[in-house]
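# Commentary on secondary and tertiary structure
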Amino acid sequence: MIERMAQLVNDKIIQGVSDIRDESDREGIRVIIELKKDSYPQKVLNQFFKHTELQSSFGYNMIALADGIQPRLLNLKELLQIFIDHRRVVVTRRVTFDRDRARERAHILEGLSIALHSIDRVIETIKKSETKEIAKENLVKKFKLSELQADAILQMRLQTLAGLERQKIEDELKEQKKFIAECEAILKDKKRMDGIIKDELKAIKTQYGDTRRTTVVKHAVGEFSAKDTIPNAPMIVALTQTGYVKRLSPMQFRAQHRGGKGVKGMTTKEDDEIMSILHVMNHDDLLFFTNTGRVFQSPAYELPQASRVAKGQAIVNFLQLQPEERITAILKADEKETTHLFMVTSKGTVKRTEINQFENIRRSGLIAQKVPKGDELKWVVSTTGKNEIFILTKKGKAIRFPEGDVRPMGRAAAGVRGVRLGPGDIVVEAAVISDPKTSKLLVVMENGLGKMTPVEEYRFQGRGGTGVKAAQLTPKTGDVVGGCVLKEGEDGDLLCISKQGQAIRMRLSDIPSRGRATQGVIVMRLNARDKVATMSVVMEDKESEEAVTQAAQEERKGEVVEIKKEERRVERAAAVVGAKAAPIATATATKVNAKAKVAVTFQKTKVAVAAKPKAAAKPAFVKTRVAEKAAKAKPKAAQAKGKKKGKK
């Protein structure tokens, strides 16, 4: 299999692989596949599943001999029904066999019981009979027994006459009668018979069952879907103005208090800004709307997953975009309880289209709205047909009107005017209002200020009006960056990213409520010459948080298992080294002990000498020195006398 993988990489059938290593050992199979920087792991994995034996599928025809000797093609239901019928026959025959054997034994025990109750008469009858055969006939006639019972009585030992032995026969007879009644009840009741079949299958599963090694898939044989291996975890999809896209876990952003500086959210190129942030699940299908009015569809898991500070990959690698065409809006394709898509352009043109017209989108895309030159499709929201539309402009104007003011149109229609804009003004946000009494509007301005305002403070206007003031714009606040309509009781986090890539995530409850024509409060402190590029609201999702927590716990379990394996390896290695080093350690310890004894002896001597008084030690020292000099002087004196005698 590994050779096949390497061959596919060398033949450039599978691209994006830099190295393949086999690290299999006694504990299991392990193949390491290193990818290049610009490759997408899931696509490479799917290609290996398709072209190698990493995944194998097989099919079979369920032809069996059913209802005779004629072979017949069966479906799964018919095959299971035949198996169940066969098991019923097997259980019926087994219970019948056990019942018949119990009846035979009970018949013998009944004869023995009769004989024991009339043992004196039985003995007398046997004694008066001349032969064994005559005794058998006499027992049958006198006590109305069968031949089998008479044979059993004649073969009965004398020890059976003991009281305990007689009680054993009585108890066994009762058990046999009870077992016969149980068998009769099973043969008459099909539910009890099916219960026996279930219990036997469970016992087989417990004894021989193991983990499943195959996967049942919904699609055709031979095809592979990435949804089968990718967990449905929550994700944040981020898109920049120049078309760089990525997805990352929302747990990578830590919540902060209002007014914080934030953390690094995304690395961007020069003159690039964060445009859109969407909270999705991995298995969600996303609709990508372009500035030219086209729409594409792609699952979220096909987008590249990256870290919090990564730049992402160009979206042109995933969608068939034309030159100078870019993505301006991302929307979930499977929104529940929605019937229409409401589109808003940067110059205030609006359009409403039924959502069923965006099914079965081909790979090359479909036309969503006819956009004239100089205008761009910027916002697409899903509606129920009875919602209210809220449009917010860059210069702090807002308009609120019923969705019904815009009639449904086809995909190729251009739309109608939604808001009348002033000089230099453009639309910065479009939202849907489902309940204006319990909704609030969150407004964020480019210098880091924001506020909450009840939606009811924005009065109704007809479609195409100029709107009312949404914020008191000053040089301190800057222009409006975006907004979001929130329902009462909903809670979540506000995620803001600046043009330089700085990000902050804070609780929505930290943002106070202010009037419609006010400046707001500081929600994000920016560096010099930095502006807020985009904002997004991530609502609380307990199921998603539980999924993330569970995935983290499973990952931690795997790490703990690896750590324990590594600890066992280290312990085994330490044991081997310790066994080799034991003799050396013993010798070293002996030497150390010897040195210690010498040191102790020297120390005791030193202490003893030091304890003597100096007056007593000095004469002894002087006497010793004088004796040494005298010993040296004697040989010299003898030599001098010898020389003198020689001269004479």
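To keep things clear, this report deals only with the structure shown in the data block. (Residues numbered from 1 in each chain as written. Predicted model: local features only at pLDDT ≥ 70, side-chain atom pairs only at ≥ 80, totals over all residues. Heavy atoms only, no water.)

### Looking at unusual backbone geometry
What counts here: The helix count covers DSSP runs of H or I at least four residues long, the strand count covers runs of E at least two residues long, and both are numbered beginning at the N terminus. Burial classes follow relative accessibility: with a 1.4 Å probe on protein chains only, a residue under 20% of its type's maximum area counts as buried, one over 50% as exposed, and anything between as partly exposed.
You will see that lysine 144, though not glycine, has its phi angle at about 55°, which is positive. Within the element layout of this structure, lysine 144 appears in the loop between α5 (132–143) and α6 (147–154). By relative accessible area, lysine 144 is classed as exposed at 76%. In this structure, arginine 529 is a non-glycine residue whose phi angle is positive, near 65°. Within the element layout of this structure, arginine 529 appears in the loop between β27 (521–522) and β28 (532–539). The class of arginine 529 is exposed, set by a relative accessible area of 85%.

### Side note on the nonpolar core
Across soluble globular proteins, you tend to see nonpolar side chains buried next to one another. Put simply, the rule is: Among buried residues, those of type Ala, Val, Leu, Ile, Met, Phe, Trp, Tyr and Cys that are joined through side-chain atoms within 4.5 Å constitute a nonpolar core. Contact between two residues is taken to exist if any of their heavy atoms lie within 4.5 Å; hydrogens are not considered.
Residues Leu112, Val122, Leu139 and Ile153 are the most contacted members of the largest nonpolar core, which totals 19 residues. Those elements giving two or more residues to this core turn out to be α3 (76–117), α4 (119–128), α5, α6 and α7 (163–188). With seven residues, α3 is the single largest residue contributor to this core. Residue contacts for leucine 139: discarding those within four places in its chain leaves Val122, Thr125, Ile126, Lys144, Leu145, Ala150, Ile153 and Leu154.

### Some words on the sheet that holds strand β10 (residues 294–299)
Test applied: Paired strands are those between which DSSP finds at least two bridges.
Strand order in the open sheet formed by four strands is β12-β9-β10-β15, and the pairing between neighbours is antiparallel. The open sheet has two edge strands, β12 (327–332) and β15 (366–367), and neither has a second partner. Where strand β9 (residues 285–290) lies against β10, five bridges are found, and the strand directions are antiparallel. In the sheet register, leucine 287 faces β10, and the bridge partner there is glutamine 297.

### Structural notes on the sheet that holds strand β13 (residues 340–345)
What the four strands build is an open sheet, ordered β16-β13-β14-β19; its pairing is antiparallel. Each edge of the sheet is formed by a strand with only one pairing partner; in this case those strands are β16 (377–383) and β19 (416–417). Looking at chain direction, β13 and strand β14 (residues 349–354) are connected through five bridges and run antiparallel. Across the sheet, residue methionine 343 finds its bridge partner in β14, namely lysine 351.

### Some remarks on the packing of aromatic side chains
The way to describe two aromatic rings as a pair is by their centre distance and the angle between their planes. Put simply, the test is: Centre distance within 6.5 Å is the pairing criterion for rings of Phe, Tyr and Trp, where only the six-membered ring of Trp is used; planes under 30 degrees apart are then read as stacked, over 60 as edge-to-face, and the remainder as tilted. Ring-over charges, as used throughout, are those where CZ of Arg or NZ of Lys falls within 6 Å of the ring centre and within 35 degrees of the ring normal.
Applying the stated criterion across every chain, the model contains three aromatic pairs. Geometrically, the ring pair formed by phenylalanine 342 and phenylalanine 401 is tilted, given 6.5 Å between the ring centres and 50° between the ring planes. Here the residue phenylalanine 342 occupies a position in strand β13, and phenylalanine 401 occupies one in strand β18 (residues 397–402), the gap between them amounting to 59 residues. Taking the relative accessible area as the measure of exposure, phenylalanine 342 reaches 0% and is therefore buried. Classification of phenylalanine 401 by relative accessible area gives buried; the value is 0%. The interplanar angle of 90° and the centroid separation of 5.0 Å between the aromatic rings of phenylalanine 390 and tyrosine 458 together place this pair among those described as edge-to-face. Taken together, the residues span a long stretch of sequence, with phenylalanine 390 in strand β17 (residues 388–393) and tyrosine 458 in the loop between β22 (449–454) and β23 (468–469) at a distance of 68 residues. Since its relative accessible area comes to 2%, phenylalanine 390 is described here as buried. Stacked on the ring of phenylalanine 97, the Lys or Arg arginine 101 has its end atom at 4.6 Å from the ring centre. The ring of phenylalanine 460 carries the charged tip of arginine 400 above its face, separated from the ring centre by 4.3 Å.

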